[in-house]
Amino acid sequence: MNKPLKQHLIDPEICIRCYTCEMTCPVQAIEHDDNNVVVNADLCNFCMDCIPVCPTGSIDEWRVVEEAYSLEDQYSWDELPEQAELCGDEADTGLEALDDAMATLLAEAHKGAGGKPKAPASASKPTINLYNLGKPVQAVVQGNYRLTAEDADSDVRHIILDFQGHPMPVLEGQSVGIIPPGADADGVAHLPRLYSVSSPRDGERPGYNNVSLTVKRETGGVCSNYICDLKTGDSVNVTGPFGATFLLPDDPDARILMICTGTGSAPMRAFTMRRQRKVGTVHGGMTMFFGARTPDSLPYFGPLQKVPTNLLEQHLVFSRQQGQEKEYVQHRMLKEKEAVADMLQDANSYVYICGLREMEAGVEAALTEIAGSFDENWQNLRDRMREDGRYHVETY
Ligand SMILES: Cc1cc2nc3c(=O)[nH]c(=O)nc-3n(C[C@H](O)[C@H](O)[C@H](O)COP(=O)(O)OP(=O)(O)OC[C@H]3O[C@@H](n4cnc5c(N)ncnc54)[C@H](O)[C@@H]3O)c2cc1C
């Protein structure tokens, strides 16, 4: 019998096909087809470089096997196989391969990054991977509106895509892939980039089968410039929907704590609109800490002024506002320590963090301090919340 070996795999149900792992892997052990992203067991050297960059935790799957799953096996999966039972001592030897050093590495990689997430138990079942690289769906641009001031330092746009007769069943918190046309310098076709859906499940306009995105133009960026320059009537190739965990609980009494920066506001907009349309203003409460440099560069600043406080309690926080002290979301969370502590202690509270990866460290530090104020260890609480589907991070 073969000696058991540890195999690195990717969970196809959770993976959002952002290909970041593939681009990060230093030994080209990760590849994809139109369907799945997979790991070549012959090449993977367990360097762990791909673990912290994965926005979903789907990369963090391991099986002890007697014979490695082939690439063909992995390409055909809709879900990961269970850990097979191995026999006797050999199995033990194999399982020991997940040794202390590995556990430490993984824990380090997941520090603050969201770990392996779970959907809220009451969340609607998401559709995933309906359209893929080989079979994208064509949407037509219905609108492209600048959300930030003309002279603001960032160009963020509200893009409305009309799926016409094609089904695009997205839930709030899911993302879609946009395939930019053309190829890179080596002639390889551009890969899709992911964008969070910023409209609720019944559409930007209810019943019109359209979806909105919130896209920031990145200097030199292939896809963001392509999207930000789209004109009404243009056709766009779209993949997805992706994401099976960053979802809203279907419980009007649930309390929602949203922490975001920049385009991380996209799923929060979808959550807020869903609640408003589904249950109105009578619900467990929604609180948002939203950071930007200035009001001019905060996406949806104008529309947010019209959102009633009994629907959404807002803390808009600015780091470059003239005449004001620099403030980041974590600073405001600490100022509102008691309110945040109250939410963290409520078993029906759900936390969502979305935006630039750099925001995580400050937010983690604030949550650690706030949890300490009620004698709780934040890492333990965070792990319990994550296990309950109540702690969600999506940073990029
Ligand atoms: C789960 C998830 C959700 C996301 N949701 C959103 C969202 O809602 N909204 C959003 O805007 N983004 C979102 N993103 C990020 C998005 O997917 C893209 O990564 C982003 O738009 C940049 O893609 P790009 O093709 O424009 O840049 P790329 O071409 O991929 O370039 C990557 C970076 O390199 C820099 N760069 C490239 N070429 C040059 C050059 N010649 N000179 C200088 N700099 C250069 C670019 O500035 C860019 O920052 C999300 C990402 C993930 C993983």
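Residues numbered from 1 in each chain as written. Predicted model: local features only at pLDDT ≥ 70, side-chain atom pairs only at ≥ 80, totals over all residues. Heavy atoms only, no water.

Draft legend 1. Quick look at the environment of R277. Within the fold, R277 resides in helix α7 (residues 265-279). Here the alpha-carbon distance between R277 and P200, two residues 77 residues apart in the chain, equals 8.8 Å. (Helix = DSSP H or I, 4+ residues; strand = E, 2+ residues; numbered from the N terminus.)

Draft legend 2. Quick look at a negative patch on the surface. A cluster of like negative charges, contributed by E13, D78, E79 and E82, occupies part of the molecular surface. Checked against the element boundaries, E79 lands in the loop between α3 (71-76) and α4 (88-96). (Patch = residues over 30% accessible without salt bridge, like charges linked within 9 Å, V, L, I, M, F, W, Y side chains within 5 Å. Areas by Shrake-Rupley, 256 points an atom, 1.4 Å probe, with all protein chains shown as cover. Salt bridge = Lys/Arg side-chain N within 4 Å of Asp/Glu carboxyl O. Lys, Arg positive; Asp, Glu negative; His and termini not counted. Charge placed at Lys NZ, Arg CZ, Asp CG, Glu CD.)

Draft legend 3. Local environment of the domain arrangement of the chain. Assigned domains of the chain: these are domain 1 (5-109), domain 2 (137-242) and domain 3 (255-395). Facing the 27 residues of domain 2 at the interface are 16 residues of domain 3. With both chains or domains summed, domain 2 and domain 3 bury close to 1,600 Å², and 55% of this area falls on carbon and sulfur atoms. If you look at where domain 2 meets domain 3, you find four salt bridges. Across the pair E172 and R274 runs a salt bridge, and its minimum N-O distance is 4.0 Å. (Domains from an automatic or database assignment. Contact = heavy atoms within 4.5 Å. Buried area = accessible area lost by both parts, 1.4 Å probe.)

Draft legend 4. Highlighting the packing of helix α10 (residues 337-344) against helix α11 (residues 359-373). The N-to-C vectors of α10 and α11 enclose an angle of 80°; their axes lie 9 Å apart at closest approach. By the angle between their axes, α10 is roughly perpendicular relative to α11. Together, K337, V340, A341 and L344 of α10 and L367, E369, I370 and S373 of α11 make up the contact between the two elements. Of the residues that constitute the contact of α10 with α11, the class distribution is five nonpolar, one polar and two charged. (Axes fitted to C-alpha atoms, helices over the stretch in contact; angles between N-to-C directions. Parallel < 35°, antiparallel > 145°, perpendicular 65-115°, else oblique. Nonpolar A, V, L, I, M, F, W, Y, C, P; charged D, E, K, R; others polar.)

Draft legend 5. Structural context of the sheet that holds strand β8 (residues 193-196). With antiparallel pairing, six strands are arranged side by side in an open sheet as β8-β7-β10-β5-β6-β9. Two strands bound the open sheet, and with one partner strand each, they are β8 and β9 (210-216). This sheet shows a mean twist of 40° between the axes of neighbouring strands, independent of strand direction. Bridge count for strand β7 (residues 175-179) against β8 is four bridges, and the pairing is antiparallel. Its bridge partner being in β8, G177 is matched across the sheet by L194. (Pairing = 2+ DSSP bridges.)

Draft legend 6. Molecular detail of the site of the ligand. Near the ligand lie 19 residues; those nearest to it are L194, Y195, T219, C223 and S224. The contact in question runs from an oxygen atom of the ligand to an N or O atom on the side chain of Y195, over 2.7 Å. The separation between an oxygen atom of the ligand and a polar main-chain atom of C223 is 2.7 Å. When the ligand is considered free in solution it has 960 Å² of accessible area, and contact with the protein chains removes 66% of it. Elements with a minimum of two residues in the shell around the ligand: β8, β9 and α6 (222-228). Ranked by residue count, the leading element in the shell around the ligand is β8, at four residues. Residues of the shell around the ligand, tallied by class, amount to eight nonpolar, seven polar and four charged. (Near = heavy atom within 4 Å. Polar contact = N/O pair within 3.5 Å; in protein donor to acceptor, adjacent residues only side chain to side chain.)

Draft legend 7. The arrangement of the sheet that holds strand β11 (residues 255-261) in detail. Ordered in space as β13-β12-β11-β14-β15, the five strands form an open sheet in which the pairing is parallel. The open sheet has two edge strands, β13 (313-318) and β15 (391-395), and neither has a second partner. Across the sheet, the mean angle from the axis of one strand to that of its neighbour is 10°, orientation sign disregarded. Relative to strand β12 (residues 286-292), β11 runs parallel, the two being bridged by six bridges. Bridge pairing in β12 links T261 to G291.

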